[in-house]
Amino acid sequence: MTSTTENTEFSEYAHPEKLVSTQWVADHIGDENVVVLESNEDTLLYSTGHIPGAIKIDWHTELNDPVTRDFVGPEAFAEMAASKGIGPDTTVVFYGDKSNWWAAYALWVFTLYGHRDTRLMNGGRDKWIAEGREQTREVPQVHRAEYPVTQRDDTTERASREDVLGHFGKPLVDVRSPQEYTGETTHMAGYPQEGTLRGGHIPTAASVPWAKAANEDGTFKSRAELEALYRDEAGLGDADEVIAYCRIGERSSHTWFVLKHLLGYQNVRNYDGSWTEWGNAVRLPIAVGEEPGEAPAL
Amino acid sequence: MTTSELPASLAEIVEDFQSVPDPQRLELLLEFSDELPDLPERYDGHAEEMEQVIECQTPLFLAVELDRSGDHSADPLVQLYVAAPAEAPTSRGFASVLQQGVAGLPASTVLEVPEDLASRLGLAKALTPLRLRGMSALLGRLKRNVREQLAESTGDQA
């Protein structure tokens, strides 16, 4: 694996090796064992210009199963990774638009498949551009690698709705906007309605909109600021198990990354069914308004 | 023209998309995105003069002008102007398809453009349903804007 020992600027975080700087990417992108993947909300954005040597990953067509609402299966994942020159020991660095929101989602899916060395480029695409670093439209030639077919682990980092039902009494974090949390709306401001029948949140969930973890320039807030936000304000304390959710599991991947890798919570799961599943399911308990609400008797 | 037929300009664009395989359709959309013209000076920096397409995932604004000069007083010619940021190439691409496709068409023709235009581009696999809905919303707002302007001018004459 590529050494990051020279990289001490993230040492305040629980797992500093999970973050790299834009400068680290500039220095290492040509390295034999490093693959840099750009993951954006807008699939065309990579094509308008990207970090030289970076490869596109499309969350919609390459990570989501085209039929079932799930991620791609083991064979498809292995094929996708191999086609991008990724082997099981490759250092895979993710970056993208919107404070790395979709980059964190792609990183999380790689984690489900047990890929060991995954990292985020702090600040993402916007920081790279803001620093005036080079961009290109040239798509790099990829040398295909071998990637073993591995089973996805759907229990360690991922939560199902049954897991959430069994989790009441332990901390839940709702990372959507305050308006989505209270039930005033069922979608983000400026985004289209995605067809959720009920508004509100999962009872007992604390509201911490995901973007609170990011600075203006897209980088993560300091350890102290993050501790104050999650440990104190949201009341996670020293919780053993936390589940985060949003609308379809993408914004909560960002929070999952923060809780697990920056703050060092041991067991953090992302409930990717999130509100588009919970708010449509028959008879699941819902709380509305600003208060977290009581755990239902199940 | 029946409601299922496209005006020639849009039909040509749809055919361009349909004639290439999936990955190249995105490249084509990128070309359209690159071609979206800059706003004329009267709108540049004047988002308040334009209408926001709130259904889109990115801040998108449109303005519609009707040209009633010459023989066109009864059925004016439509010009569409769209402001979409460079960080939103997909929205820009859709806007550009529509901008080029309806440029200079009579209002009556624009109002009859089929609602399923977005799905005819064959991008349903490559893009999320949300994206495609954004384009439908753009078309819907264009038509409503045209309809309102036509109604206003009828009111003026009465």
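Every chain begins its residue count from 1, and numbering advances along the sequence as written. Think of it this way: whatever chain is written first is A, whatever ligand is written first is 1, and the rest follow in order. Under the rules for a predicted model, residues below a pLDDT of 70 receive no local features and side-chain atom pairs below 80 are neither given nor counted, while totals for whole chains, interfaces and linings still include all residues. Excluding hydrogens and water, the side-chain figures rest on all heavy atoms present in the structure.

Draft legend 1. Expanded view of the packing of aromatic side chains. Residues and elements named next belong to chain A. Note on ring pairs: Phe, Tyr and Trp rings are taken, using the six-membered ring of Trp, and paired if centres are within 6.5 Å. Classes follow the plane angle, with under 30 degrees stacked, over 60 edge-to-face and the rest tilted. With the rule as written, the count across this model stands at 18 aromatic pairs over all chains. Seen in terms of ring centroids, phenylalanine 71 and tryptophan 108 are 5.4 Å apart; in terms of plane orientation they differ by 80°. Their pairing is edge-to-face. Taken together, the residues phenylalanine 71 in the loop between helix H2 (59-63) and helix H3 (74-83) and tryptophan 108 in helix H4 (residues 97-112) connect sequence positions 37 residues apart. Of the two residues, phenylalanine 71 and tryptophan 108, both sit in the buried class. Aromatic side chains phenylalanine 94 and phenylalanine 110 sit 5.1 Å apart centroid to centroid with 75° between the ring planes, which places their arrangement in the edge-to-face category. With a gap of 16 residues between them, phenylalanine 94 in strand E4 (residues 91-95) and phenylalanine 110 in helix H4 connect regions that are remote in the sequence. Comparing phenylalanine 94 with phenylalanine 110 shows no difference in burial state: the two are buried. Per the convention used, a helix needs a DSSP run of H or I reaching at least four residues, while a strand needs a run of E reaching at least two, with both numbered from the N terminus. Think of it in three bands: residues with accessible area under 20% of the maximum for their type are buried, residues over 50% are exposed, and the middle band is partly exposed, with areas taken using a 1.4 Å probe on protein chains only.

Draft legend 2. Looking closely at unusual backbone geometry. All names here are of chain A. Backbone geometry at threonine 204 places phi at a positive 85°, although glycine is not the residue there. Within the element layout of this structure, threonine 204 appears in the loop between helix H7 (178-182) and strand E8 (206-207). Overall, threonine 204 belongs to the partly exposed group, its relative accessible area being 24%. Look at arginine 283: it is not a glycine, yet its phi comes out positive at around 70°. Structurally, arginine 283 can be placed in the segment after helix H10 (274-278).

Draft legend 3. View of the packing of H4(A) against helix H9 (residues 251-262) of chain A. Residue and element names in this part refer to chain A. Axis definition: a line fit to C-alpha positions, over the contact stretch in the case of helices; interaxial angles, taken between N-to-C directions, run 0 to 180 degrees. Packing of H4 against H9 leaves a shortest axis separation of 7 Å and a crossing angle of 75°. Taken together, H4 and H9 sit at an angle that is classed as roughly perpendicular. Residues Ser99, Asn100, Trp101, Ala104, Tyr105, Leu107, Trp108 and Thr111 of H4 pack against Arg251, Ser253, His254, Trp256 and Phe257 of H9. Amino acids outside the nonpolar list (Ala, Val, Leu, Ile, Met, Phe, Trp, Tyr, Cys, Pro) and the charged list (Asp, Glu, Lys, Arg) are all regarded as polar, and Gly is one of them. Grouping the constituent residues of the contact of H4 with H9 by class yields seven nonpolar, five polar and one charged. Note that the term roughly parallel is reserved for angles under 35 degrees, roughly antiparallel for angles over 145, roughly perpendicular for angles of 65 to 115, and oblique for everything else. In this description, contact between two residues means that some pair of their heavy atoms is separated by no more than 4.5 Å.

Draft legend 4. Spotlight on the nonpolar core. Nonpolar core, defined: a set of buried Ala, Val, Leu, Ile, Met, Phe, Trp, Tyr and Cys residues in which side-chain atoms within 4.5 Å join the residues together. Ranked by size, the top nonpolar core spans 58 residues in total, and within it A:Leu37, A:Phe94, A:Leu120 and A:Tyr230 carry the most contacts. Breaking this core down by element, the ones donating at least two residues are strand E2 (34-38), H2, H3, E4, H4, helix H8 (223-233), strand E9 (241-245) and H9 of chain A. Per-element tally for this core: the top contributor is H4(A), with 11 residues. Counting the residues that make up this core, at least three belong to each of domain 1 (8-131) and domain 2 (158-279) of chain A. Those residues within four positions of A:Leu120 in sequence are excluded, and the remaining contacts are A:Lys18, A:Leu19, A:Val20, A:Val93, A:Phe94, A:Asn100, A:Ala103, A:Ala104, A:Leu107, A:Phe220 and A:Phe257. Of all hydrophobic cores here, the second largest spans 43 residues; its members include B:Val14, B:Val64, B:Val102 and B:Ala126. Throughout the structure description, domain borders are defined by an automatic or database domain assignment.

Draft legend 5. Fine view of the UniProt feature "domain: Rhodanese" (unreviewed entry) in chain A. UniProt positions are given in the numbering used here, feature names are shortened, and annotations may be inferred rather than shown by experiment. Look at the UniProt record and you will see "domain: Rhodanese" (unreviewed entry) annotated at residues 30-137 and 166-287 of chain A. With 35% helix and 15% strand, the stretch residues 30-137 of chain A has end C-alpha atoms that lie 17 Å from each other.

Draft legend 6. Looking closely at the pairing of strand E2 (residues 61-67) of chain B. All names here are of chain B. In terms of residue burial, E2 counts as a mostly covered element, since five of its seven residues are buried. When DSSP finds two or more bridges between two strands, those strands count as paired. Alignment of E2 against strand E3 (residues 77-83), held across seven bridges, turns out to be antiparallel. Bridged to glutamate 65 within E3 is glutamine 79.

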